[in-house]
2 protein chains.
Amino acid sequence: MKITYRKELEKAARRMILIHRTDTLIKLIIRTVLRCLKVSHAGIFLFDQQKKSYILTISQGKKGTKVPSGLIKISSESPLIKYFLTYHVPGHDNLFLITERIQSRLKSKKILESPEEKKLLEQLHQQLKVYKARIAIPIFFRDEFFGVFVLGEKKDKKSFGTDELTFLSILSSDVAMAIRNASLFEDLTIQLEKNQNLFVQTISTLAEAIEAKDHYTSGHTKRVVDYSMVIANQLRKMRKIRNWEEFTSHLRIAALLHDIGKIGVPEQILNKQESLNETEWASIKTHPLVGEGILSPIKDLNQVILGVKYHHERYDGEGYPQGLSGKKIPMIAAVISVADAYDAMTTERPYRKALTHDEAIAEIKKNSGVQFHPQVVNAFISAFSR
Amino acid sequence: MKITYRKELEKAARRMILIHRTDTLIKLIIRTVLRCLKVSHAGIFLFDQQKKSYILTISQGKKGTKVPSGLIKISSESPLIKYFLTYHVPGHDNLFLITERIQSRLKSKKILESPEEKKLLEQLHQQLKVYKARIAIPIFFRDEFFGVFVLGEKKDKKSFGTDELTFLSILSSDVAMAIRNASLFEDLTIQLEKNQNLFVQTISTLAEAIEAKDHYTSGHTKRVVDYSMVIANQLRKMRKIRNWEEFTSHLRIAALLHDIGKIGVPEQILNKQESLNETEWASIKTHPLVGEGILSPIKDLNQVILGVKYHHERYDGEGYPQGLSGKKIPMIAAVISVADAYDAMTTERPYRKALTHDEAIAEIKKNSGVQFHPQVVNAFISAFSR
């Protein structure tokens, strides 16, 4: 094999291993093929797990030649796929399909003994014509079939030589490995995302179920989460948060669980129609510490717990449970505090009417630096006055 | 470079990409080095994130020669590491360390101008002597430093030739890529595991917090989870479960949440000292359907929900909420049913004493095929009679 091919293959293999997105990978491969072989166009069909079919992920030609884009999705019953699935021998080198070979096979006498193969080859010949393809190379990793390369004719109209076929064969097996590697990465990443969603969903559901015990606050948790997210987003724009991604993910969980400690407060107090006496208030006020107690065994929630424990602290130090003041109150709690207060003000309670949006905003503004952290108030107001 | 080296490199690179465990990878690399180069021994120091130091992961020699294993952990202040961290020029080829080179550099006049380098080289020379090493090759991926290869002398006692050095240089850069790839995989896998643990822990915590409202059942949820896991394990041994991993992970969550619907039952009913009247029983019996209702918005929990919804069904069809019978009751629910019943029997309730272990086992046996699924009873009894 030509030394330039060998070098191109080494370079491609080294670049491919670093790419963990299938689509980026495919682009790199097609570019490599078009750079090394002077062909009219090159395309690649890849199996798509979700769609259970082979999709033409990319097709490029130097002079605008392409596999017609109307033919972008084929099933495993399509001749091109069926042929490789049927005639691939595990462990053997990749089986190529070259139009000349197909033609000569079709003309040979032997083919009369296998009418099924004959029929398949005829269909295949037709299919390759439609793609304007001269050669098709399967992409196998061990016995796993990922798809097919399809190449147009060479610009000098000559047949493909041994060197070129070897190049394509090695490239195709490297591509198979790289695709497998990339799809394992993608699978893990998708799984990770799925688990994170399941986690948030399940906690939301349980938090709402717990909240349902407190008849007056229906939907409160969900709204506090929403307002908290809006505030966090604004704080990011104002560049007040380092490591925003992490902060937001903790904040979301903390907002979901901020009232979890109310599970320790008797139902008759939570649902009382009249105003509460001192003992009853004291019971309500235990909820941030009860919440902390419930969650404290979970190490990975230590940042979340700060939000749960301190969301009733006040900037002037007059809050509970610890009377922290100013910047000693963790930001995560300061955000929930404003979101929580706004929602409490704007929903009706048995002992008072709801404030309007404008009245609540005015109230929060008035309490900036008194009850609330001024930065959070600024973020809240700029987000909600839009 | 010799064609055999080139082929070995290609082969190694292709095998390395498939390996996603750093330790397996290292073994493959050392074997490749020992096969291709006739050296007395080869070792590899790799950076360990947790330990914040470079660990001698493997050291092998054909005649039992090795880097002494007492020297297995070195810090970034160790001359061998410090040298590469200080003198590596990004983007340039890997810097080698060969004992001859160090000696001649130490004898040159230029070295007098850089006393710091002189001191470092002297220490380094000592260190390589201790390792019986003639050559050290750093493992860099771009500017990320992963560790160092250390090789003993060649068996023919000659110096390393250009071909051998080129071989080592390419190998080391391929190794760097493979290690990076493998550690990305390991990171993702660890993250996934961590998230799964956090998920289970958080649900456990919330389920226990909810359970705490029902004063008589302290620890019930946790015990039902434990018993369910024991039963599942036994069912696996008896080959009664397909896709056991998945089944168990659903079962664990279902067992944790099986009584979640009790959050809809008023506290005074849950905590009543006297026996319950019909209306109160009816309220208790809503909990499987309430549980289903709570969890139903979460698509990914559909298997889990079966356990929650049907854990009070009976094999004879006399259970609730739907009166399913026999094999129509999902296995996940049949397991929880036995675990739940055993725990209820063996703990004291206000209206009756606890049964002993033997009495409860006898009761469950008696109800095999009546209240309980016979396979689950078998699994339970063989696990618990041991």
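The written sequence of each chain sets the order in which its residues are numbered from 1. The order in which chains are written sets their letters, starting at A; the order in which ligands are written sets their numbers, starting at 1. This being a predicted model, a pLDDT of at least 70 is required before a residue's local features are given, and a value of 80 or more before pairs of side-chain atoms are given or counted; all residues contribute to the totals for chains, interfaces and linings. To obtain the side-chain values, all non-hydrogen atoms of the structure were used and water was disregarded.

### Describing the pairing of strand 5 (residues 135–141) of chain B
Residues and elements named next belong to chain B. Only protein chains enter the accessibility calculation, which uses a 1.4 Å probe. A residue is then buried if its area is under 20% of the maximum for its type, exposed if over 50%, and partly exposed in between. Helical segments are the DSSP runs of H or I of at least four residues, strand segments are the runs of E of at least two, and each set is numbered from the N terminus. In terms of burial, strand 5 is largely enclosed, as 7 of its 7 residues are buried. Burial of the side chains of strand 5 extends over both faces: Ile135, Ile137, Ile139 and Phe141 are buried on one face and Ala136, Pro138 and Phe140 on the other. Pairing between strand 4 (residues 97–98) and strand 5: 2 bridges, direction antiparallel. Across the sheet, residue Ile98 finds its bridge partner in strand 5, namely Ile135. In this description, strands pair whenever DSSP reports at least two bridges between them. As paired strands, strand 5 and strand 6 (residues 144–151) are joined by 7 bridges and run antiparallel to one another. The partner of Phe141 across the bridge, within strand 6, is Glu144. Taking the residues that link successive antiparallel strands as the turn, the strand 5-strand 6 hairpin has 2 residues, and the phi of Arg142 there is positive, at about 50 degrees.

### Some words on the side chain of A:Ser53
All names here are of chain A. Structurally, the position occupied by Ser53 is in strand 2 (residues 53–61). The exposure class assigned to Ser53 is buried, which follows from its relative accessible area of 4%. Those residues in contact with Ser53 that lie beyond four places of it in its chain are Leu46, Phe47, Asp48, Lys73, Ile74 and Ser75. Throughout, a contact is declared for two residues whenever any of their heavy atoms are within 4.5 Å.

### As for the domain arrangement of chain A
The domain limits used here are those given by an automatic or database domain assignment. On domain assignment, one finds that chain A holds domain 1 (3–184) and domain 2 (198–384). Each of domain 1 of chain A and domain 2 of chain A has a C-alpha centre, and these two points are 58 Å apart.

### Comments concerning a positive patch on the surface
Residues and elements named next belong to chain A. Together, Lys11, Arg15, Lys27 and Arg31 give the surface a local cluster of positive charge. Secondary structure elements with two or more residues in the positive patch: helix 1 (3–16) and helix 2 (22–36). Here Arg31 shows up in helix 2. Relative accessible area serves as the criterion here: at 45%, Arg31 is assigned to the partly exposed category. A patch is a set of surface residues, each over 30% in relative accessible area and not in a salt bridge, joined within 9 Å for like charges and within 5 Å for the nonpolar side chains Val, Leu, Ile, Met, Phe, Trp and Tyr. Here the open area of atoms and residues is found with the Shrake-Rupley method and a 1.4 Å probe, where only the protein chains shown may cover a residue. Salt bridges are counted wherever a side-chain nitrogen of Lys or Arg sits within 4 Å of a carboxyl oxygen of Asp or Glu. Positive charges come from Lys and Arg alone, negative charges from Asp and Glu alone, with His and the N- and C-terminal ends not counted. Every charge is mapped to an atom, namely NZ of Lys, CZ of Arg, CG of Asp or CD of Glu.

### Focus on the relation of the copies chain B and chain A
The copies were overlaid by least squares, fitting only the C-alpha atoms of residues that reach a pLDDT of 70 or more in each copy. Rotating chain B by 179 degrees and translating it 0.2 Å along the rotation axis places it on chain A, where the RMSD comes to 0.2 Å. The transformation relating the two chain copies, once decomposed into turn and shift, fits a two-fold axis. Most of the interface of chain B is mirrored in chain A, where 100% of its interface residues again form contacts.

### Side note on the interface of chain B and chain A
Taken together, the contact between chain B and chain A spans 46 residues of the former and 46 residues of the latter. As used here, buried area is the combined drop in accessible area, with a 1.4 Å probe, of two parts when they are placed together. Together chain B and chain A conceal approximately 4300 Å² of surface at their shared face, both sides included; 71% is due to carbon and sulfur atoms. Summed over the three residues of chain B that lose the most area to chain A, namely B:Arg14, B:Leu188 and B:Leu206, the buried surface amounts to 13% of that side. Across the chain B-chain A interface, the total number found is 0 salt bridges. Under the rule applied, a polar contact is a pair of N or O atoms within 3.5 Å (in protein, one hydrogen donor and one hydrogen acceptor; residues adjacent in sequence only if both atoms are side-chain atoms). Here chain B is connected to chain A by 3 residue pairs in polar contact (both at pLDDT 80 or more). In terms of residue count, the dominant contributor to the side of chain B that touches chain A is helix 6 (residues 162–211) of chain B (24 residues). For this scheme, ten residues count as nonpolar: Ala, Val, Leu, Ile, Met, Phe, Trp, Tyr, Cys and Pro. Four count as charged, namely Asp, Glu, Lys and Arg, and the remainder, Gly too, count as polar. Broken down by class, the residue content of the side of chain B that touches chain A amounts to 26 nonpolar, 9 polar and 11 charged.

### Brief notes about the sheet that holds strand 6 (residues 144–151) of chain A
Working definition: the strands of a sheet are paired by backbone hydrogen bonds and lie parallel or antiparallel to each other. Residue and element names in this part refer to chain A. Taking strand neighbours across the sheet as the criterion, the 6 strands line up as 3-2-1-6-5-4 in an open arrangement whose pairing is antiparallel. Each edge of the sheet is formed by a strand with only one pairing partner; in this case those strands are strand 3 (73–74) and strand 4 (97–98). To obtain an axis, a line is fitted to C-alpha atoms, over the contacting stretch when the element is a helix, and the angle between two such axes runs from 0 to 180 degrees between their N-to-C directions. Relative to the sheet, helix 6 (residues 162–211) contacts strand 1 (41–48), strand 4, strand 5 (135–141) and strand 6, its axis offset from that of strand 5 by approximately 40 degrees.

### Structural notes on the pattern of salt bridges
All names here are of chain A. Under the definition given, this model contains 32 salt bridges over all chains. Notably, a salt bridge pairs Glu100 with Arg134, separated by 2.6 Å at the nearest N-O pair. Of the two residues, Glu100 sits in helix 4 (residues 99–107) while Arg134 sits in the loop between helix 5 (115–130) and strand 5, which places them 34 residues apart along the sequence. Glu100 gets classed as partly exposed once you look at its relative accessible area, which sits at 30%. Across the pair Glu122 and Lys118 runs a salt bridge, and its minimum N-O distance is 3.2 Å.

### Quick word on the packing of aromatic side chains
Here a pair means two rings of Phe, Tyr or Trp (six-membered ring of Trp) with centres within 6.5 Å. Their orientation is stacked below 30 degrees between planes, edge-to-face above 60, and tilted elsewhere. Following the criterion strictly, the structure yields 28 aromatic pairs over all chains and no others. Judged by centre distance (5.8 Å) and plane angle (80 degrees), the rings of B:Tyr227 and B:Phe384 are edge-to-face. Here the residue B:Tyr227 occupies a position in helix 7 (residues 220–237), and B:Phe384 occupies one in helix 15 (residues 374–384), the gap between them amounting to 157 residues. Its relative accessible area of 15% is what places B:Tyr227 among the buried residues. Residue B:Phe384 is classed as partly exposed on the basis of its relative accessible area of 22%. Joined through ring pairs, the aromatic side chains of A:Phe47, A:Tyr54, A:Tyr83, A:Phe84, A:Tyr87, A:Phe140 and A:Phe145 make up one cluster. Lying across the ring of B:Phe160, B:Lys154 places its NZ or CZ 5.8 Å from the centre. Over the face of the ring belonging to B:Trp244 we find B:Arg236, whose NZ or CZ atom lies 4.0 Å from the ring centre. Should the NZ of a Lys or the CZ of an Arg lie within 6 Å of a ring centre and within 35 degrees of the ring normal, that charge is described as sitting over the ring.

### Let's talk about the nonpolar core
Take the buried Ala, Val, Leu, Ile, Met, Phe, Trp, Tyr and Cys residues and link them wherever side-chain atoms come within 4.5 Å; each set so joined is a nonpolar core. Counting residues in hydrophobic clusters, the biggest one holds 100 residues, and the most contacted among them are A:Ile231, A:Leu257, B:Ile231 and B:Leu257. Sequence-distant contacts of A:Ile231, that is, excluding residues within four places in its chain, are made with A:Val335, A:Val338, A:Ala339, A:Val376, A:Ala379 and A:Phe380. One finds A:Val175, B:Leu28, B:Phe160 and B:Ala176 within the second-largest nonpolar core, a separate group that totals 80 residues.

### Description of the sheet that holds strand 6 of chain B
Residue and element names in this part refer to chain B. The strand order 3-2-1-6-5-4 describes an open sheet built from 6 strands, whose pairing is antiparallel. Two strands bound the open sheet, and with one partner strand each, they are strand 3 (73–74) and strand 4. Most of the contacts of helix 2 (residues 22–36) go to strand 1 (residues 41–48), to which it runs at about 155 degrees, and overall it touches strand 1, strand 2 (53–61) and strand 6. The strands that helix 3 (residues 79–87) touches are strand 1, strand 2, strand 3, strand 4, strand 5 and strand 6; relative to strand 6, the one it contacts most, it runs at about 130 degrees.

### What about the side chain of B:Thr248?
You can see B:Thr248 is positioned in helix 8 (residues 244–257). Among the residues examined, B:Thr248 registers a relative accessible area of 10% and is labelled buried.

### Section: unusual backbone geometry
Cis geometry is adopted by the peptide bond preceding A:Pro321, which originates at A:Tyr320 and carries an omega value of 5 degrees. Examined against the element boundaries, A:Pro321 turns out to sit in the loop between helix 12 (302–310) and helix 13 (331–346). Residues other than glycine seldom take positive phi values, yet B:Lys132 does so here, at roughly 55 degrees. Within the element layout of this structure, B:Lys132 appears in the loop between helix 5 (115–130) and strand 5.

### What to know about the packing of helix 12 (residues 302–310) of chain B against helix 13 (residues 331–346) of chain B
Angle between the axes and distance between the axes: these two values describe a pair of packed helices. Residue and element names in this part refer to chain B. In contact at an axis separation of 8 Å, helix 12 and helix 13 are set at 45 degrees when each is read in the N-to-C sense. Relative to helix 13, the element helix 12 is oriented oblique. As helix 12 packs across helix 13, the resulting crossing turns out to be right-handed. Residues Gln303, Val304, Leu306, Gly307 and Tyr310 of helix 12 form the contact with helix 13, whose own contacting residues are Ile332, Ala333 and Ile336. Broken down by class, the residue content of the contact of helix 12 with helix 13 amounts to 6 nonpolar, 2 polar and no charged. In these notes the angle categories are as follows: under 35 degrees is roughly parallel, over 145 is roughly antiparallel, 65 to 115 is roughly perpendicular, and the rest is oblique. In this scheme the crossing of two helices becomes right-handed for a clockwise turn of the near helix relative to the far one and left-handed for an anticlockwise turn of less than a right angle.

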